[in-house]
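Coordinates in review
The residues making up each chain are set out below.
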Amino acid sequence: MRHLISILVENEAGALSRIAGLFSARGYNIESLTVAPTEDASMSRMTIVTSGSDDVVEQITKQLNKLIDVVKVVDLSEAEHIERELMLIKVRAGQKEREDMKRMADIFRGRIIDVSDNTYTIELTGDGRKLDAFIQALDQGAIIETVRTGTSGIGRGNRVLRV
Amino acid sequence: MDRVKTSALSGAEIVVRCLQEEAVDYVFGYPGGAVLFIYDALFKQDKVKHVLVRHEQGAVHAADGYSRSSQKVGVALVTSGPGVTNAVTGIATAYMDSIPLVVITGQVPTHAIGLDAFQECDTVGITRPIVKHNMLVKDVKDLASAMKKAFHIATTGRPGPVVVDIPKDVTAAVTEFNYPDTIQMRSYNPVRKGHAGQIRKAVQLLSEAERPMIYTGGGVILSDASELLRELVKLTGFPCTNTLMGLGAYPATDRQFLGMPGMHGTYECNNAMQHSDVLLAIGARFDDRVIGNPAHFASNPRKIIHIDIDPSSISKRVKVDVPIVGNIPDVLDELVKLLRAAPKPDISAWWKRIEEWRAKDCLKYDRNSKIIKPQFVLEKLYEVTKGDAFVTSDVGQHQMWAAQFYKFDKPRRWINSGGLGTMGFGLPAAMGVQLVNPGATVACVTGESSIQMCLQELSTCKQYRLPIKIVNLNNKYMGMVRQWQQFFHGNRYSESYMDALPDFVKLAEGYGHRGILVDKPADVEPALREAFANKKELYFLDFITDQTENVYPMIPGGKGNTEMILSEEL
C-alpha cells in the first residue's frame, strides 16, 4: 500500500543522506522525496512517498525514528490529510496548438508562466493523480519537458506535526 | 547546558581533555598525518594511555573487547583515509552487536575536503550505515559538544559506535574549552520505563503459562541486567536460554539453563523454543541464526512477550503479542515485583518433556578418539581455567564449540562477534579485555584461519606484555566452510583448505612469545596447565585437531528449529 511519511529532521549536513541511505540499505521503496527547511530554520520537513505492507511501513517509521537526527515521524496516510505536488511542463505551442493548449491548461487550473514563439511552460499543482491526468490528456508529442517536485503532505484540521 | 569554563585550547587538546573528562583510561589507535596534533596532545599528558596497535582494525576490535568486558565505552583513534577504511570492519562489528564505542577519525583539512586530497575519504559517508551516529566537526567551537554528544549517544539507549571525524585544521585551531556536563537533544530521548499496562499483560501471560520459556540476548549483558534475570528465572522456575550474544547472563551450570538456541543450539533448547506456549524474549532480536525459518517458527502458535530498548527490534522478524519498550533493568525490576504477587503456574509436565529432550545429550562426541577432538580441548580449557576466564573468539566452528562447551556463569566473560561474524576479532579483542582486566585470565579461542586475519597484533601483545593465551584449534580447514561444503555442496571443498600454514610455535617465538604444538589428546591438559600457570607471557597453543569434526546440532539454512541435524554419535 502507498504511504505518505512526514519527517521533521534536524537541519544538519548529511541528514538527507542518512534517510535516503536507510531506505536503500533496508530495501524500502521511495516513490518520491521532498525536503526543505521549515519556519524554524534548524529543522527541515521531509515528505516521503513509499509503498509496502503494514509490517514494512511499521519498520520504516521505527527505523526512521531511530536515526539520531530525526525529531519526529508521522505516517500521514493513517488519517485525513492533504497532498500536493507541483509540476512544470513545457509543451509545444506553435500557432496551430496555442489556443487548445491554453484551454487545456485552464481546464486543469494550470497557469502559463513562460511563453516563447513555439512553447508554453505550464505550472500545475495538485495531487499526483491530477498531474498524471494532465500528462495523459495532452498529445504525447506535445510534451517537451516535465519536472515534478514530488509530493508534499500535511494533516487535515487539528492534526499537526511539530516539536 | 552546564558548562565548565577553562582557558583556550587547541582542537587537539580539546579532544584529549574530553577523553579525560569522560575518564577514558585507554585509547587504541594508530597515528597518521591527519591526527598528528591529537597525538602531540596525547604525548603531553599521561592520564589517557595510548595503545599502539599494528593495524586499525585491531584498534577498533581492541576498544570493542575493552568495552564488552568492562561496561565502559571503548575509544579508538585513527587517521584519515586508509586509517578509516581499515577501521570499518571493526566499526561494523561493534555496530552489529550494539557495543558503545567512540571512534575518533582524522580528516584532511576543511579546505581540502572534496578535492581528492592525499589520504582523503568520505568518512561520514563510508561509515554512515555502520554507526549509531557520526559527525564531521568543521568548527573547533563545536568540538567539545560533539565529543560529549558522541559519548552520550554511544552509551545510552541501544548502545553503538559513534564516529567523530575531525579535520586536521580543526585540531590546530584554538578556542575556549567548555565541556558540557549534560547534553539535551530534542531528537534523541531513549525511553527507560516500560509501559505499566504492557508489563501487567506480561505478568498475566506468564502466570498462566503451561510451557513457558525465557529467551535472552545481548541486551541483558549490555544493560547489566544479569542479576535481575537470575532473580526472575529463580522466582518463576522457568527454563531459560541465552543466545550467543547473551551467554553468561544466566549461569550455564544451572539446571534451568537449557544451553544456547539456534543454528548450533542444543536439542533441548530448540525444542523448548519451538514448543513453548509463552515465550519471554529479553534483549534479543529473533535473528535468523536463532529462530531459523521464521515461517516454521511461527507455525507453532505461542504468545510472545518482547522486552527491548529498541522499538525497531520488536516485530521485525517475528510478530510479538506483548511488546515492552524500555530499559531492561527497569522493566525487569517491575516485572519481578509483580510476579512475586502473581500465582505460579504448575509446569512440572513441561519440565518432564524438557528433561526428555535433554537426555538426548546432543553435544556428545567421541571421547576415545586418538586424534584431538576440538570439543575436548574446550572442555579441558574450562576445567583448567575453572570456568572463570574471559574467553574471546574468532568466527567459525571453534566459536560454536566454545559457546557450547565453555560454561559461562558470569556476564561479560564471553567476547565474540555474533552479528557481523568477523574473523580476526578474537586476538585484538583479547588485548582490550586484558588491559581493562589486568591480572585476569584471558583466552582467545581461534582457528588457524581466523587467527591469521589479525595476526600482526601479536606484536602489540608483546609491547604491552599482555599474557593472553591463544587456543588455536588447527584443523587446516576453514572448518565451518568445510562443514557447509560437506553437507550442502557434495563434499567439494572449494578453497577451504588452509595450505602453507606457518609453524605457529616458531611464529609466536618470533614475536617474543611462547608456543606449544599439541598433537596428542594426552598432551592437551598439560599444555593448557603450563600456559595458564604462566601469568606473564603470551602462549600460542597450537592444537592439531580432527579435520573432519563437525559442529552439532545444526539447523541447515532455511530449516525450522526442530529440523536439526544431529551428531552421528547419537
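Each remark here, short or long, concerns the structure printed above.
So, a few notes on the structure that sits alongside this text. This is a predicted model, so every value here is computed, not measured. (Residues numbered from 1 in each chain as written. Chains lettered and ligands numbered in written order. Predicted model: local features only at pLDDT ≥ 70, side-chain atom pairs only at ≥ 80, totals over all residues.)

Glancing now at the packing of helix 10 (residues 226-236) of chain B against helix 14 (residues 328-341) of chain B. Residue and element names in this part refer to chain B. Interhelical geometry of helix 10 versus helix 14 gives an angle of 25° and a closest axis separation of 10 Å. Between helix 10 and helix 14, the angle is such that the two are roughly parallel. The crossing of helix 10 and helix 14 is left-handed. Counted together, Leu228, Leu229, Glu231, Leu232, Leu235 and Thr236 of helix 10 and Pro329, Leu332, Asp333, Leu335, Val336, Leu339 and Arg340 of helix 14 form the full contact between these two elements. Partitioning the contact of helix 10 with helix 14 into residue classes produces 9 nonpolar, 1 polar and 3 charged. (Axes fitted to C-alpha atoms, helices over the stretch in contact; angles between N-to-C directions. Helix = DSSP H or I, 4+ residues; strand = E, 2+ residues; numbered from the N terminus. Parallel < 35°, antiparallel > 145°, perpendicular 65-115°, else oblique. Left-handed = near helix turned anticlockwise from the far one by under 90°. Contact = placed C-beta atoms within 7 Å. Nonpolar A, V, L, I, M, F, W, Y, C, P; charged D, E, K, R; others polar.)

Turning to the sheet that holds strand 6 (residues 133-136) of chain B, a few remarks are in order. All names here are of chain B. One open sheet accounts for 6 strands, arranged 3-2-4-5-7-6; its pairing is parallel. Looking at strand neighbours, the two that pair on one side only are strand 3 (49-52) and strand 6, the edges of this open sheet. Averaged over all pairs of adjacent strands, the angle between their axes in this sheet comes to 20°, without regard to strand direction. Sheet contacts for helix 3 (residues 56-68): strand 2 (26-29), strand 3, strand 4 (74-78) and strand 5 (101-107); angle to strand 4, the most-contacted strand, approximately 170°. (Pairing = 2+ DSSP bridges.)

The next thing to look at is the interface of chain A and chain B. By convention, interface size is frequently given as the accessible area that disappears when the constituent parts associate. In this assembly, 17 residues from chain A lie in contact with 14 residues from chain B. Of all the elements in the fold, those that place two or more residues in the side of chain A that touches chain B are helix 1 (15-25), helix 2 (54-66) and strand 4 (70-75) of chain A. With 5 residues, the top contributor of residues to the side of chain A that touches chain B is helix 2 of chain A. Considering only residue class, the side of chain A that touches chain B consists of 6 nonpolar, 5 polar and 6 charged.

Another point: unusual backbone geometry. Residue and element names in this part refer to chain B. Here the residue pair Tyr552 and Pro553 is connected by a cis peptide bond, since its omega of -10° sits within 30 degrees of zero. As for its placement among the helices and strands, Pro553 is situated in the segment after strand 19 (539-544). Of note in this structure, Phe286 is not a glycine but carries a positive phi near 50°. Secondary-structure assignment places Phe286 in the loop between strand 11 (278-282) and helix 12 (288-291).

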